[in-house]
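Structural features, examined
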Amino acid sequence: MERIGTRNLWIGGLLACALLAAGTAQSYRLERRVRLSKDSSKDLIYLPTPQQARIMSLGFTTILADYYWVKALQYFTDPYQALNHYRNLADYLDLVVSLDPDFEYAYLFGGISTPYDSGRMRFVNTDRSTSLLERGVRRFPDNWKMRLYLGYNYLNFHDRPKDAAEQFIEASHLPGAPHYLRPFAARLLTVAGDMDAAFTLVEQSLEDETNPELRRLLEQRLIDLQVERELRRIESAAATFQQQKGRLPTNLDELVTSGLLKEVPGGYSLGPDGVAQAPIDTDRMIIHVHPEEAKLKGLPETQDSND
């Protein structure tokens, strides 16, 4: 019985090798056709579905996953595929992680490498990138880098600052995560309009944090949040005044007189553009955009920020 089992194993291995050889030959023919001209690189490369690949593997799924991983790397380093926006890279990596769900680095590589700038900060393949990272986070919830990149995608590609903040908060509790994640998460919660959650996050973090560097960041973030809340209260009152009077108020006294503010907050002022000014130098709770990126995207220019 043992000899029969060994023989069956050898037969299965030979069949798997034969299938791999056939797949290699087919891939070579396709890739040769792709490389005949730059225009041909715009053609899609046809790959099996994960279900078909699993059947083809005859149980040797990790071997086939390694094969497609190598093919993915070869595809990614082919400069002609830039004309194709590397749109098949996610297909290769989907095969890899479907055949071998524990291939941890493949999720990270896909999340970072799949988005492609097609020109002037217009990224493509972002949904596929996010999908790979979401699968990776579900499989490896204790990988802080996976959560960091997923949060980056949520923020920069999908305009989901609250979801990004949640990923940064989860990542911040994991070993090796950078210190700035929780203060930055507080900023994102504020941008998403949930200042109460931002205050709660910072205050709870301060209660338990013993790292001096992180405590300093959190204490500064708490000051920034307090100032931001007052600035927003003034600017909201100014916007209401403009709706009622058809003009912006000239100063804070007008807002008090009109009943939109109970009192003039000490040291604060209001500019002619309706933007409030704080009595101390503080960092406003906004997402900072690099000037060059702002020009390309038609966004207001802000100074870059470290967190």
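For the structure itself, look to the data block above.
Since the model is a prediction, treat every value here as computed from it, not as a measurement.

1. Regarding the environment of Ala-276
Looking at where Ala-276 falls in the secondary structure, it is placed in strand β4 (residues 276-277). In this structure, the C-alpha to C-alpha distance between Ala-276 and Leu-252, residues 24 residues apart in sequence, is 9.5 Å.

2. Topic: the packing of aromatic side chains
Each aromatic ring pair is described using two quantities: the centre-to-centre distance and the angle formed by the ring planes. For the structure shown, the criterion picks out 14 aromatic pairs. With 5.9 Å between their ring centres and 90° between their planes, Tyr-152 and Phe-157 make a pair best called edge-to-face. Among the residues examined, Tyr-152 registers a relative accessible area of 44% and is labelled partly exposed. Residue classification places Phe-157 among the partly exposed residues on the basis of a relative accessible area of 22%. An aromatic cluster of at least three residues, connected via ring pairs, comprises Trp-69, Tyr-75, Phe-76, Tyr-86, Tyr-92, Phe-103, Tyr-105, Phe-109 and Tyr-116.

3. Some remarks on the pattern of salt bridges
According to the stated counting rule, one finds 11 salt bridges in the structure shown. Of the charged contacts, one joins Asp-94 and Arg-135 as a salt bridge, the two residues approaching to 2.5 Å between their closest N and O atoms. Note that Asp-94 is positioned in helix α4 (residues 89-99) and Arg-135 in helix α6 (residues 126-139), a separation of 41 residues in sequence. Notably, a salt bridge pairs Arg-182 with Glu-209, separated by 3.2 Å at the nearest N-O pair. Separated by 27 residues along the polypeptide, Arg-182 in helix α9 (residues 181-191) and Glu-209 in the loop between α10 (195-208) and α11 (212-245) bring together distant segments of the chain.

4. Section: helix α2 (residues 50-57)
Listed in full, the buried residues belonging to α2 are Pro-50, Ala-53 and Ser-57. Down the axis, α2 shows its buried residues gathered within 60° of arc, on one side only. What points out from α2, more than 90 degrees from its buried face, is the exposed set Gln-51 and Ile-55. Just downstream of α2, Leu-58 is the residue with a positive phi angle, here 55°.

Calculation notes
- Residues numbered from 1 in each chain as written.
- Predicted model: local features only at pLDDT ≥ 70, side-chain atom pairs only at ≥ 80, totals over all residues.
- Heavy atoms only, no water.
- Helix = DSSP H or I, 4+ residues; strand = E, 2+ residues; numbered from the N terminus.
- Phe/Tyr/Trp six-rings, centres within 6.5 Å; stacked < 30°, edge-to-face > 60°.
- Buried < 20%, exposed > 50% of the residue type's maximum accessible area, 1.4 Å probe, protein only.
- Salt bridge = Lys/Arg side-chain N within 4 Å of Asp/Glu carboxyl O.
- Arc of directions from axis to C-beta.

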